[in-house]
Amino acid sequence: MSRPELIKDVVSSIAEYVPGKSIEEIAQKYGIAPSEIIKLGSNENVLGPSPMAVEALFSTASKVNIYPSADATELVEAISAYTGLPVENICASGPGMDGLLDNLMRLLIEPGDEVVIPTPTFSYYEIAARANGAVAVHVAPGDELEFDVEAIKDAISDRTKVIFLCSPNNPTGKLLAEDDVRKILGSTKGLVFVDEAYVEFADHDLSGLVAEYDNLIIGRTFSKAFGLAGLRIGYGLMPAWLKAQYMKIATPFNVSLPAVMAGVAALSDTEYLEKSISCTKEGRVFLAENIPFKVYDSQANFVLVDVSPMIAADVAGSLLEKGIIVRDCRSFKNAGDSLIRVTVGTPEQNKKVVEAFKEAKA
Ligand SMILES: *Cc1c(COP(=O)(O)O)cnc(C)c1O
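Residues numbered from 1 in each chain as written. Predicted model: local features only at pLDDT ≥ 70, side-chain atom pairs only at ≥ 80, totals over all residues. Heavy atoms only, no water.

### Notes on the domain arrangement of the protein chain
Then, in step 1: What the domain assignment lists for the protein chain is domain 1 (4–48 + 271–361) and domain 2 (62–268).
Then, in step 2: The centre of domain 1, based on its C-alpha atoms, is set 23 Å off from the matching centre of domain 2.
Then, in step 3: Between domain 1 and domain 2, the contact holds 34 residues from the first and 37 residues from the second.
Then, in step 4: Taking both sides of the interface into account, the surface hidden between domain 1 and domain 2 amounts to around 2800 Å²; carbon and sulfur atoms contribute 58%.
Then, in step 5: Among the residues of domain 1 in contact with domain 2, Tyr17, Gln299 and Lys333 are the three that bury the most area, contributing 23% of the side total.
Then, in step 6: Viewed at the interface, domain 2 and domain 1 are joined by two salt bridges.
Then, in step 7: A salt bridge links Lys333 to Glu126; the shortest N-O distance between them is 3.3 Å.
Then, in step 8: Here domain 1 is connected to domain 2 by 13 residue pairs in polar contact (both at pLDDT 80 or more). (Domains from an automatic or database assignment. Contact = heavy atoms within 4.5 Å. Buried area = accessible area lost by both parts, 1.4 Å probe. Salt bridge = Lys/Arg side-chain N within 4 Å of Asp/Glu carboxyl O. Polar contact = N/O pair within 3.5 Å; in protein donor to acceptor, adjacent residues only side chain to side chain.)

### Observations concerning the packing of aromatic side chains
Then, in step 1: For the coordinates displayed, the defined rule picks out 11 aromatic pairs.
Then, in step 2: Geometrically, the ring pair formed by Phe222 and Phe226 is tilted, given 5.1 Å between the ring centres and 40° between the ring planes.
Then, in step 3: Relative accessible area serves as the criterion here: at 0%, Phe222 is assigned to the buried category.
Then, in step 4: Aromatic ring contacts, followed pair by pair, group Tyr17, Phe122, Tyr125, Phe164 and Phe193 into a single cluster. (Phe/Tyr/Trp six-rings, centres within 6.5 Å; stacked < 30°, edge-to-face > 60°. Buried < 20%, exposed > 50% of the residue type's maximum accessible area, 1.4 Å probe, protein only.)

### Considerations on the pairing of strand E6 (residues 191–195)
Then, in step 1: Burial analysis of E6 places five of its five residues in the buried class, the great majority of the element.
Then, in step 2: Neither face of E6 is exposed, since Leu191, Phe193 and Asp195 on one face and Val192 and Val194 on the opposite face are all buried.
Then, in step 3: Here five bridges tie strand E5 (residues 160–166) to E6, and the two strands are oriented parallel to one another. Looking at the pairing, Val162 lines up with Leu191 of E6.
Then, in step 4: Bridge count between E6 and strand E7 (residues 216–221): four bridges; the pairing is parallel. Considered in E7, the bridge of Phe193 is made with Ile217. (Helix = DSSP H or I, 4+ residues; strand = E, 2+ residues; numbered from the N terminus. Pairing = 2+ DSSP bridges.)

### A closer look at the site of the ligand
Then, in step 1: The ligand sits among 14 residues. The nearest are Met97, Asp195, Tyr198, Thr221 and Lys224.
Then, in step 2: In this structure, an oxygen atom belonging to the ligand sits 2.6 Å away from a main-chain N or O atom of Met97.
Then, in step 3: Among the residues forming the shell around the ligand, the class breakdown is six nonpolar, four polar and four charged. (Near = heavy atom within 4 Å. Nonpolar A, V, L, I, M, F, W, Y, C, P; charged D, E, K, R; others polar.)

### Overview of the nonpolar core
Then, in step 1: Counting 77 residues, the largest nonpolar core has Leu75, Met105, Phe164, Leu165, Phe193 and Phe222 as the members making the most contacts within it.
Then, in step 2: For this core, the element with the highest residue contribution is helix H4 (residues 96–108), accounting for six residues.
Then, in step 3: Among all residues touching Phe222, those that are not within four sequence positions of it are Leu75, Ile79, Gly227, Leu228, Ala229, Ile233, Tyr235, Gly263 and Leu267.
Then, in step 4: Counting residues in each nonpolar core, the second largest holds 23 residues, with Leu287, Val344, Val353 and Phe357 among its members. (Core = buried A, V, L, I, M, F, W, Y, C linked by side-chain atoms within 4.5 Å.)

### Some details on the sheet that holds strand E9 (residues 294–295)
Then, in step 1: Strand order in the open sheet formed by four strands is E9-E10-E13-E12, with antiparallel pairing between adjacent strands. Sheet topology places E9 and strand E12 (327–328) at the edges, where each strand pairs with a single neighbour.
Then, in step 2: Looking at chain direction, E12 and strand E13 (residues 339–343) are connected through two bridges and run antiparallel. Pairing of Arg327 across the sheet is with Arg341, part of E13.
Then, in step 3: Along the sheet, helix H11 (residues 312–321) makes contact with E12 and E13, crossing E13 at roughly 35°. (Axes fitted to C-alpha atoms, helices over the stretch in contact; angles between N-to-C directions.)

### Describing the UniProt feature "domain: Aminotransferase class I/classII large" (unreviewed entry) in the protein chain
Then, in step 1: UniProt marks residues 36–357 with the feature "domain: Aminotransferase class I/classII large" (unreviewed entry), using the numbering shown here.
Then, in step 2: Secondary structure across residues 36–357 comprises 38% helix and 17% strand; the distance between its end C-alpha atoms is 18 Å. (UniProt positions renumbered as here; feature names shortened; annotations may be inferred.)

### Quick notes on the pattern of salt bridges
Then, in step 1: In this structure the tally under the stated criterion is 16 salt bridges.
Then, in step 2: Asp328 is the salt-bridge partner of Arg330, the closest N and O atoms lying 3.1 Å from each other.
Then, in step 3: According to the relative accessible area criterion, Asp328 is buried, its value standing at 16%.
Then, in step 4: Among the ionic contacts, a cluster of salt bridges with common partners joins Asp113, Arg159 and Lys161.

### Observations concerning the UniProt feature "modified residue: N6-(pyridoxal phosphate)lysine" (unreviewed entry) in the protein chain
Then, in step 1: As recorded in UniProt, the feature "modified residue: N6-(pyridoxal phosphate)lysine" (unreviewed entry) lies at Lys224.
Then, in step 2: Mapping Lys224 onto the fold places it in the loop between E7 and strand E8 (234–237).
Then, in step 3: With a relative accessible area of 15%, Lys224 lands in the buried category.
Then, in step 4: Here Tyr198 takes part through its side chain, which lies 3.2 Å from a polar atom of the side chain of Lys224.

### Concerning the side chain of Thr121
Then, in step 1: Here Thr121 lies in the loop between strand E3 (114–118) and helix H5 (124–131).
Then, in step 2: Within the structure, the side chain of Thr121 is placed 2.7 Å from the side chain of Asn169, a separation counted as a polar contact.

### Some remarks on the environment of Asp113
Then, in step 1: Positionally, Asp113 belongs in the loop between H4 and E3.
Then, in step 2: Separated by 2.8 Å, the side chains of Asp113 and Lys161 make a polar contact.

### Examining the pairing of strand E10 (residues 302–306)
Then, in step 1: Burial runs high along E10: five of the five residues are buried.
Then, in step 2: Bridge count for E9 against E10 is two bridges, and the pairing is antiparallel. Counted as the bridge partner of Val295 is Val305 from E10.
Then, in step 3: Count of turn residues in the E9/E10 antiparallel hairpin: six residues.

Right, here's the structure in full:
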């Protein structure tokens, strides 16, 4: 029995979030030992977590009977030191950056407000916005899958509340030029959310603009370069006026105590961060040079492969049979059916990935 009439109308037409495949799922389906599976479908950190973060987790385990600080003070201070921005501009969030998006949509969206979403991109923006009654206005990409800045400006209306930009973009790996972001910031009375989940792997970031604009929010995460996806920690950089409003409605204690302390430790482990960045940059070049299909230039910890004239599902399927999980991008709007996103692995994993692509093509 079910009672769909109890669910908000706006939810009925929302497509479910499609996560990357899990190790357990693939191990079972293909009869491969879980330890043999190479998981490169969700852009996690392939080096494992920072040892300092793991130590922090152990040392907080005996204190979890107590609530953490309501606003994750220790973590916000450490993020302030890392970004160079004052604490008035920083909100820590859980679960992950997704929690930040959720809180922001609850804070900002009134039914009928529009959100502009250039595609192809991360699907959770649309889910979070529409669940709160927003109308999603999608913008098609240019010929090389780049965000079309003029088309984005054309999509802005009087009802635009939020424009979602992702830089480097998931799944294309492309970085937006600062000038283009400035143009968009200046073209709207709404807010511009720039998702910088992968910014540690990129050539530049936009945190310097936060002091300059009163309508820019930057989203960040500990799930990628900092290797803490399982702890679900994110943060937002935003103008002080917006933080004050955000804190009124944010879910109380939304970053757990172990997450706060592991996040602080991960920020202090610069050796781990540098290793994760250099390993990614080297692997990115290796994959781009050796995968026998078109590979887009990437500023993130993944590369986007166009396997046409083959079909992504077929190629991804043939990699899966070898225990390699990659992301078929079919579920991304305006991504067609020939794109595969591959997380940059360890050197050994990258070699296996290249071999598997070669065999799939043969
Ligand atoms: C991974 C990812 C996130 C989610 O980050 P969490 O902090 O794990 O919720 C957000 N945006 C993009 C583009 C991502 O790829």
